[in-house]
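Structural overview
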Amino acid sequence: MSSQVRAQVIPLEQASAFPRAPRTVEETGLPLLFLVELASKLLFVRGQLYLTEMSHQLRLPAIVLDSLLSFMRAERLCEVVRRGETDGDVLYELTDAGRARAVEYLGRCKYAGAAPVSLDDYVAQVERQSVTKMKVTREGVDKAFRGLVIKPEVRDQLGAAMGSGRALFLYGPAGAGKTYLAERLALLLEGDVAVPHAIFVDGEIIQVYDPLIHHVVEDAPRSAGAAIDNLMRPDQRWVRCRRPVALTGGELTLKMLDLDYDASTGFYQAPPHVKANNGLFVVDDLGRQLVQPEQLLNRWIVPMDRHHDYLALHSGIKFSLPFDVVLVFSTNLMPSDVADPAFLRRLGYKIHIGPMDEDEYRSIFMRVCEEREVPFDEVAFRSLLEDFHAGSGQPLLACYPRDLIGPIADFARYRGEPARLTHDSLQWAWHNYFASR
């Protein structure tokens, strides 16, 4: 899933909630010597840079970098190569002493990108844009689920659950549509959030922004005056994104829920539930992971109760981060089979996604027929219900129309003839799908 840019006009009241750009080194919330290290590594990697280029690379205002570079020049770590007509048209490079220092810095950590934000600033921003502050209404749910065949009672359960911000447990037979519904919940996430490129914790860098999870929203303030007012400029260390959605499945392990330290680069990747803060975190196919479901679920007992999680650096330092996600579990197992009463009590909503009735099944079947250009035939559909479903005891699950009609269309294309919905074509698809004789 690639990063997508969604252009829109950001209301001023929403723009005001986005972090403002720092105007001094102190306002960055970062130690001066750390910024010296970051700027030195960038100059070492790039060779020579104009002030404007450094500002873009480090996501820090020129006024902050000007002060930082003045300090570095005083310490004989960098020098001016060329000075143009404007303040931004100044070319910098490292001195011999600066290059030696940069090699030392890079030996510890190779991160030379956007300046991180402080842990305190990150915690405050996540709380400011908490997913629990969203307002989910019946009208919004109807709009998000428009065109989706879903039982009214299930639709209302999902809407109330998303509005509560509490964890959901979707359970039912394989093929009932649990994963599809879990992903569709993303449409109920309202508003944009600020996501940092990275955060700074006890001298370490933890990368948070992930283009596979965070979808960028183009920043376009309504007022032209706001764009040129330094006091209103957004902090470029943060990225304006849609509320994130992280989806994991059978590959999930307990180790993936901790910080991922790369010894070769010297910095960390945040775990998926941290990247999903202020959004949705879906654990699909619970029970298919290599780790036991009880162990996986117990990992979240404290975060679900206290809305924060504890992580540890490789140095042994532990710290707390917000756990601000709508946590969704999807499984083919019964709740009592995967969790004890203590955990089940903490789940806000346990929603059963089961077989469909005949009208719901027909509606999906007709829609798939239209999509695959296979003319719907009522007589053939009746034979599907009576001869195949009833005869074999297979329930009417949401996955079957697509799984049966797809092969019929494929076979017709292979034979170079129009696809037709008949008893014989359904029998061929049914036996092919269920591997029956």
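About the thresholds
Residues numbered from 1 in each chain as written. Predicted model: local features only at pLDDT ≥ 70, side-chain atom pairs only at ≥ 80, totals over all residues. Heavy atoms only, no water. Axes fitted to C-alpha atoms, helices over the stretch in contact; angles between N-to-C directions. Helix = DSSP H or I, 4+ residues; strand = E, 2+ residues; numbered from the N terminus. Left-handed = near helix turned anticlockwise from the far one by under 90°. Contact = heavy atoms within 4.5 Å. Nonpolar A, V, L, I, M, F, W, Y, C, P; charged D, E, K, R; others polar. Buried < 20%, exposed > 50% of the residue type's maximum accessible area, 1.4 Å probe, protein only. Pairing = 2+ DSSP bridges. Domains from an automatic or database assignment. Lys, Arg positive; Asp, Glu negative; His and termini not counted. Salt bridge = Lys/Arg side-chain N within 4 Å of Asp/Glu carboxyl O. Polar contact = N/O pair within 3.5 Å; in protein donor to acceptor, adjacent residues only side chain to side chain. Parallel < 35°, antiparallel > 145°, perpendicular 65-115°, else oblique.

Topic: the packing of helix α16 (residues 358-371) against helix α18 (residues 400-415)
Close contact between α16 and α18 brings their axes to 9 Å; oriented N to C, the two are set at 35°. As α16 runs across α18, the sense of the crossing is right-handed. For the pair α16 and α18, the contacting residues are Y361, I364, F365, V368, C369 and E371 in the first and Y400, P401, R402, L404 and I405 in the second. When its residues are assigned to classes, the contact of α16 with α18 shows nine nonpolar, no polar and two charged.

Considering the pairing of strand β8 (residues 198-201)
Of the two faces of β8, the one holding A198 and F200 and the one holding I199 and V201 are both buried throughout. Note that strand β5 (residues 117-118) and β8 share two bridges and pair parallel. Within β8, the residue paired with V117 across the bridge is I199. Of the strand pairs in this sheet, β8 and strand β9 (residues 204-207) are connected by four bridges, and their pairing is antiparallel. Directly across from I199, in β9, lies its bridge partner I206. Two successive antiparallel strands, β8 and β9, enclose a turn made up of two residues, where D202 displays a positive phi of approximately 50°.

Some thoughts on the domain arrangement of the chain
How large an interface is tends to be reported as the accessible area lost when its parts come together. Here the chain is partitioned into domain 1 (25-114), domain 2 (125-217 + 235-352) and domain 3 (358-434). Between the C-alpha centres of domain 1 and domain 3 the distance comes to 65 Å.

So, the sheet that holds strand β6 (residues 168-171)
Strand order in the open sheet formed by five strands is β12-β15-β18-β6-β19, and the pairing between neighbours is parallel. The open sheet is flanked by β12 (245-248) and β19 (349-352), the only strands paired with a single partner. Averaged over all adjacent pairs, the angle separating strand axes in this sheet is 15°, with direction ignored. Relative to strand β18 (residues 325-331), β6 is paired through four bridges, and the arrangement is parallel. By the bridge assignment for β18, L170 is matched with S330.

Thoughts on the environment of L68
Within the fold, L68 resides in helix α4 (residues 62-74). When its relative accessible area of 1% is taken as the criterion, L68 is described as buried. Considering only alpha carbons, one finds L68 and V25, 43 residues apart in sequence, at a separation of 7.3 Å. If sequence neighbours within four positions are ignored, L68 has contacts with L32, L35, V36 and A39.

Remarks on the side chain of R243
Here R243 shows up in the loop between β11 (238-242) and β12. Buried and unpaired, R243 has no salt bridge, with D324 as the nearest side chain of opposite charge at 5.3 Å. In this structure the side chain of R243 is engaged in a polar contact, spanning 2.6 Å, whose partner is the backbone oxygen of E190. Among the polar contacts listed, one links the side chain of R243 to the backbone oxygen of N278, at a separation of 2.8 Å. Look past the residues within four positions of R243 in its chain and what remains in contact with it is Q129, S130, V131, M134, L189, E190, G191, V193, N278 and G279.

Focus: the pattern of salt bridges
A side chain with one charge can pair with a side chain of the opposite charge if their charged atoms come near. For the structure on display, the rule yields 22 salt bridges. For R155, the salt bridge is made with D156, and the minimal N-O distance between the two is 3.2 Å. R155 gets classed as buried once you look at its relative accessible area, which sits at 19%. With a closest N to O distance of 2.8 Å, R237 and D235 form a salt bridge. Per residue, the accessibility class of R237 equals that of D235, and both read buried.

Here's the deal with the side chain of Q129
Among the structural elements, Q129 can be located in the loop between α6 (119-128) and α7 (138-144). You can call Q129 buried: its relative accessible area is 9%. Once residues lying within four places of it in the same chain are set aside, the contact partners of Q129 are V193, A194, R243 and N278.

Things to note about the sheet that holds β9
Judged by pairing direction, the sheet is mixed, and its five strands sit side by side in the order β5-β8-β9-β14-β13 without closing on themselves. Strands with a single pairing partner mark the edges of an open sheet, and in this sheet they are β5 and β13 (260-262).

Section: the packing of helix α2 (residues 32-46) against helix α5 (residues 96-108)
Viewed as axis vectors pointing N to C, α2 and α5 meet at an angle of 105°, and their least axial separation amounts to 9 Å. As the angle between them shows, α2 and α5 are arranged roughly perpendicular. Contacts between α2 and α5 involve V36, E37, S40, K41 and F44 from the first element and R99, A102, V103, Y105, L106 and R108 from the second. Each residue belonging to the contact of α2 with α5 can be placed in one class, and the counts come to six nonpolar, one polar and four charged.

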